[in-house]
Amino acid sequence: MITRIFAFVERDLRKFMRNPLTIFSSICLPIVYLLVLGNSFQGSLKNLPLGLVDLDHGPYAKRMIERIRSLEVGPDTVEMRMMRDSGEAEAQVRSGQLKGALIIPPDFSKAVFRGTTPQVGLIVDNTDSVSAAALQQALRAAFSALKLDAVSVRPNRVVPQIRSMELYRKVDYDASIVPGAVIMAIFMGTMTTGAFNLVMDRFLGVHESYLSTPLTKGELVLGIIISGVFVTTLIALVVLGVGIWLTDLRVAAGVSSFLAVVMVIALSAMGLLSMMCVFLARVDHPRIVGLFGGFLNIIFFFPSGAVYPIESFPAWLRAFSKVNPESYAVHALRSILFKGMNWQAVQADLLFLSGFMGLMLLLSTLTFKRTL
Amino acid sequence: MPKPAVVVENLVKHYGKQRAIDGINFDVAGGICFGSLGPNGAGKTTLIRILTGLIQPTQGRAWVAGFDVSQGPDAVRRAIGVVSQAMTTDLDLTARENLDIYARYYGVSYKERRRRIEALLERVGLTARANDLVASYSGGMRRRLEIARGLIHKPSILFLDEPTIGLDPQSRRVVWELLAQFRQDEQLTIFLTTHYMDEADFLCERIAIIDTGKIVVMDTPSELKKGIPGGNIVEIVLAQDQSLTEDRRLDTLISKLSSRPFVQQVIQKEGGALTDSIRLQVYVTNGPEAIPILMGMVQDEGFGLQSIGLMRPSLEDVFIHYTGRSIRAEEGQKVNFFIGAGVPRRMGG
Ligand SMILES: Nc1ncnc2c1ncn2[C@@H]1O[C@H](COP(=O)(O)OP(=O)(O)O)[C@@H](O)[C@H]1O
Ligand SMILES: [Mg+2]
């Protein structure tokens, strides 16, 4: 039985090795992804063009502008453009040249001085809700500081202060998505090996040859998955290595953390490969694999917490994350890479991944079509 | 008598409403070469796939090498070798790798594998190219490799589905010789399907002509040919003539010929390989007697006669006789009357 499985595994591996372009792409694409995603989402938004129309010219308007300027040079949130005419500012927001325009009304300083609530107009392009929210948040912060300055008549006001205690060394955003890139590599691996080979064999009619040999269902399924796991794990480890090197991530090195990483990767790959075997049990055209691949990638990847924290999802998506194997893989990889090896922290993840793999392996053997 | 290698009982396979196999019964004696001959879509591939355990029949039973294909597919698989219609060797593996991996599916031991692979490569003439990727092979080479692969585990029955389809005449010839040789050396039973008359005639001791999922007739090639009514076919080749294109004159001739009591059937064949002359095959009760009469009739109708002569019936004629149409009509190919008639039989019964 073992000889037969390994003959099948060897066939897949040899065929894979003869396709250098596939190997090359499987390694490069997740890395490109890491670079693109790491540099396009830097956690907070930057350089949002903001128009500023000062109709007041009073002292508080000046302070307001200074505040915003400090936003510009500090966290780089906005890029301020002074303008004279509120009509023109609005037009530029509409045309997309500006993400927002702040209009300081003529009686602004007077209102602050009198202690009445001062009104500032903010025109935002709320079709770009991410930028609009970031602008509103930044400006509100600037504005509330101004108000505190202005209403300094109550000296004993207690303002709760938050001092955060950082538990771990800070991880840059691009380094923090290295686990995501590894998951991406695993996913791509499971799409280009395993069940994909089976679909290609069916498409080319080559499967007829091994279906007429004594290979059993279980041997075929295991053969497909073992070759896939082997290739996928290697690719994912290479991507992890390159990712660590590119982002200058300091990982907790050590044999046990390496073993744990390999285990997480191999278990995830096995689970996903078996799952693809179930989904593609009757598929005989590579186009379907392409369709499925694109779809499943998004479905599993984004709710996995690789890019955004799971906690901020709506309830139904959080529920899905609970059964998404990629969430557990991401969690485990993050724990091991960023927080140091601790079996207890990844126990639940390993348990889930093993359970998922077992279930999918069973289903894939049950659904496998041994006839033409 | 050796026990039958293949037994088929009331076999039926439906694809939706389509009856690909429509109630078939036959036996194949051990040690012979059995051919299932039929046009495209007759159900040959379906039949071979049922026998090799690749698809389940809708009804009926089949035993191969003594095992029920539905009950003991594994035992059947170990006893048989399969060369399917489509080429199924892996293009991005070498010939040797293809053979080695396949042998391991059957659990052939390392030592035995090495010996067997070299011997088979030698026999099919691929030793020099054994380490080249199959992607670089010609169709004929790949087919030879598939035959070697089908024999890697020393099966007792070899199934081949259209083994020479798509090959050039020389390659076909090589495949025939190989199969004849292997059959002798390995004491094989061969079950093949084909839509080539000459192939069935050359290789097979028994032929089942199958059409639309049914066995039309089954016998030895010579008995099949004898079975043609009258046993005599006169071939008339009309001389090239402008007016030949006038179908009405030809139709008149054909209907006049057909109306004679000693004429059973008249079949018109479009020209030969080189000319656009018209051939008529006239099935008669007594050839030698009919020839002068037919000659007179042709001349009376004002046709020039290029040649007239007696023809030995070919399997093609057998097929036409039993099904009422040419086996290769679907392919739109012209029929050469010498097929079957001129090919020496290499394999005595
Ligand atoms: N998988 C299938 N689904 C539906 N119809 C099929 C299938 N395979 C074969 N057929 C039909 O069954 C008939 C017999 O096909 P096949 O056995 O391939 O014929 P042959 O090999 O003699 O050319 C054909 O009409 C074909 O269209
Ligand atoms: Mg066929």
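Rules and cut-offs
- Residues numbered from 1 in each chain as written.
- Chains lettered and ligands numbered in written order.
- Predicted model: local features only at pLDDT ≥ 70, side-chain atom pairs only at ≥ 80, totals over all residues.
- Heavy atoms only, no water.
- Domains from an automatic or database assignment.
- Buried < 20%, exposed > 50% of the residue type's maximum accessible area, 1.4 Å probe, protein only.
- Helix = DSSP H or I, 4+ residues; strand = E, 2+ residues; numbered from the N terminus.
- Pairing = 2+ DSSP bridges.
- Contact = heavy atoms within 4.5 Å.
- Buried area = accessible area lost by both parts, 1.4 Å probe.
- Salt bridge = Lys/Arg side-chain N within 4 Å of Asp/Glu carboxyl O.
- 1 Å grid on protein atoms, 1.4 Å probe; cavity = no way out; pocket = protein on both sides within 12 Å on 5 of 7 lines; lining within 4 Å.
- Points joined across faces, edges and corners; volume = space filled by probe spheres on them.
- Nonpolar A, V, L, I, M, F, W, Y, C, P; charged D, E, K, R; others polar.
- Phe/Tyr/Trp six-rings, centres within 6.5 Å; stacked < 30°, edge-to-face > 60°.
- Lys NZ or Arg CZ within 6 Å of the ring centre and 35° of its normal.
- Near = heavy atom within 4 Å.
- Polar contact = N/O pair within 3.5 Å; in protein donor to acceptor, adjacent residues only side chain to side chain.
- Areas by Shrake-Rupley, 256 points an atom, 1.4 Å probe, with all protein chains shown as cover.
- Expected span 1.5 Å × (residues − 1).
- Donors = N, O, S within 2.8 Å, 3.2 Å for Na, K, Ca; no water.

### A look at the domain arrangement of chain A
Interfaces are often sized by the amount of accessible area the parts lose when they come together.
And then number 1: In terms of domain boundaries, chain A breaks down into domain 1 (48-166) and domain 2 (173-367).
And then number 2: For domain 1 of chain A and domain 2 of chain A, the distance between their C-alpha centres works out to 47 Å.

### Considerations on the pairing of strand 9 (residues 206-211) of chain B
And then number 1: Of all six residues in strand 9 of chain B, five are buried, a share of seventy percent or more.
And then number 2: Counting the residues that bridge the hairpin from strand 9 of chain B to strand 10 (residues 214-219) of chain B gives two residues, and of these threonine 212 of chain B lies at a positive phi of roughly 40 degrees.

### Description of the interface of chain B and chain A
And then number 1: Taken together, the contact pairs 22 residues of chain B with 23 residues of chain A.
And then number 2: Here chain B packs against chain A, burying approximately 2300 Å² in sum over the two surfaces, 56% of which is carbon and sulfur.
And then number 3: Taken as a group, Leu54, Arg104 and Tyr105 of chain B account for 32% of the area that chain B buries against chain A, more than any other trio of residues on that side.
And then number 4: There are six salt bridges connecting chain B and chain A.

### A short note on empty space enclosed by the protein
If you roll a probe as big as a water molecule over the atoms, it shows you where there is empty space left.
And then number 1: One pass over the structure, following the stated rule, counts two cavities of 30 Å³ or more.
And then number 2: Lining the largest cavity, in full, are Arg11, Ser209 and Tyr210 of chain A together with Asp90, Asn98, Ile101, Tyr102, Tyr105 and Arg149 of chain B.
And then number 3: When residues of the lining of the largest cavity are traced back to their parent elements, those giving at least two are helix 10 (207-211) of chain A together with helix 3 (95-105) of chain B.
And then number 4: A per-element tally of the lining of the largest cavity places helix 3 of chain B first, with four residues.
And then number 5: The class makeup of the residues in the lining of the largest cavity is four nonpolar, two polar and three charged.
And then number 6: The space that makes up the second largest cavity amounts to roughly 40 Å³.
And then number 7: As for the second largest cavity, its lining consists of Glu208, Ser209 and Ser212 of chain A together with Val82, Val83, Ser84, Thr88, Glu146 and Arg149 of chain B.
And then number 8: When residues of the lining of the second largest cavity are traced back to their parent elements, those giving at least two are helix 10 of chain A together with strand 6 (80-83) and helix 5 (139-150) of chain B.
And then number 9: When the residues that make up the lining of the second largest cavity are grouped by side-chain class, the tally is two nonpolar, four polar and three charged.

### Some words on the packing of aromatic side chains
And then number 1: A full pass over the atoms with the stated rule returns 15 aromatic pairs over all chains.
And then number 2: Aromatic rings pair up to connect Phe8 and Tyr210 of chain A together with Tyr102, Tyr105 and Tyr106 of chain B into one cluster.
And then number 3: Geometry around tyrosine 196 of chain B places arginine 172 of chain B over its ring, the cationic atom sitting 3.9 Å from the centre.

### Some thoughts on the site of ligand 1
Residues and elements named next belong to chain B.
And then number 1: Surveying the vicinity of ligand 1 reveals the residues Tyr15, Gln18, Ala20, Pro39, Asn40, Gly41, Ala42, Gly43, Lys44, Thr45 and Thr46.
And then number 2: At 2.7 Å, a side-chain N or O of glutamine 18 approaches an oxygen atom of ligand 1.
And then number 3: The contact in question runs from an oxygen atom of ligand 1 to an N or O atom on the side chain of threonine 46, over 2.5 Å.
And then number 4: Look at ligand 1: alone it shows 560 Å² of surface, and the protein chains cover 63% of it.
And then number 5: The set of elements that each furnish at least two residues to the shell around ligand 1 consists of strand 2 (18-28) and helix 1 (44-51).
And then number 6: Here the element with the most residues in the shell around ligand 1 is helix 1; it accounts for three residues.
And then number 7: Per-class residue counts for the shell around ligand 1 are four nonpolar, six polar and one charged.

### A look at helix 16 (residues 343-367) of chain A
Residue and element names in this part refer to chain A.
And then number 1: The terminal C-alpha atoms of helix 16, which comprises 25 residues, lie 35 Å apart, in line with the 36 Å expected from a rise of 1.5 Å per residue.
And then number 2: Buried within helix 16 we find Val346, Asp349, Leu350, Leu353, Phe356, Met357, Met360 and Ser364.
And then number 3: As for helix 16, its buried residues are in contact with helix 11 (217-247), helix 12 (255-279) and helix 15 (325-339).
And then number 4: At the N-terminal boundary of helix 16, the capping side chain belongs to asparagine 342, with an oxygen 3.0 Å from the backbone nitrogen of glutamine 344.

### With respect to the side chain of arginine 172 of chain B
Residues and elements named next belong to chain B.
And then number 1: Structurally, arginine 172 is set in helix 6 (residues 169-185).
And then number 2: The class of arginine 172 is buried, set by a relative accessible area of 12%.
And then number 3: Once residues lying within four places of it in the same chain are set aside, the contact partners of arginine 172 are Thr164, Leu167, Tyr196, Asp198 and Glu199.

### Overview of the coordination of the magnesium ion (ligand 2)
Residues and elements named next belong to chain B.
And then number 1: Every protein donor of the magnesium ion (ligand 2) is listed here as Thr45 (OG1) and Gln85 (OE1), and their distances to the metal cover 1.9 to 2.2 Å. Of the two residues, threonine 45 is situated in helix 1 and glutamine 85 in the loop between strand 6 and helix 3; the sequence distance between them amounts to 40 residues.
And then number 2: On the basis of relative accessible area, threonine 45 is assigned to the buried category, the value being 19%.
And then number 3: Judged by its relative accessible area of 29%, glutamine 85 falls in the partly exposed class.

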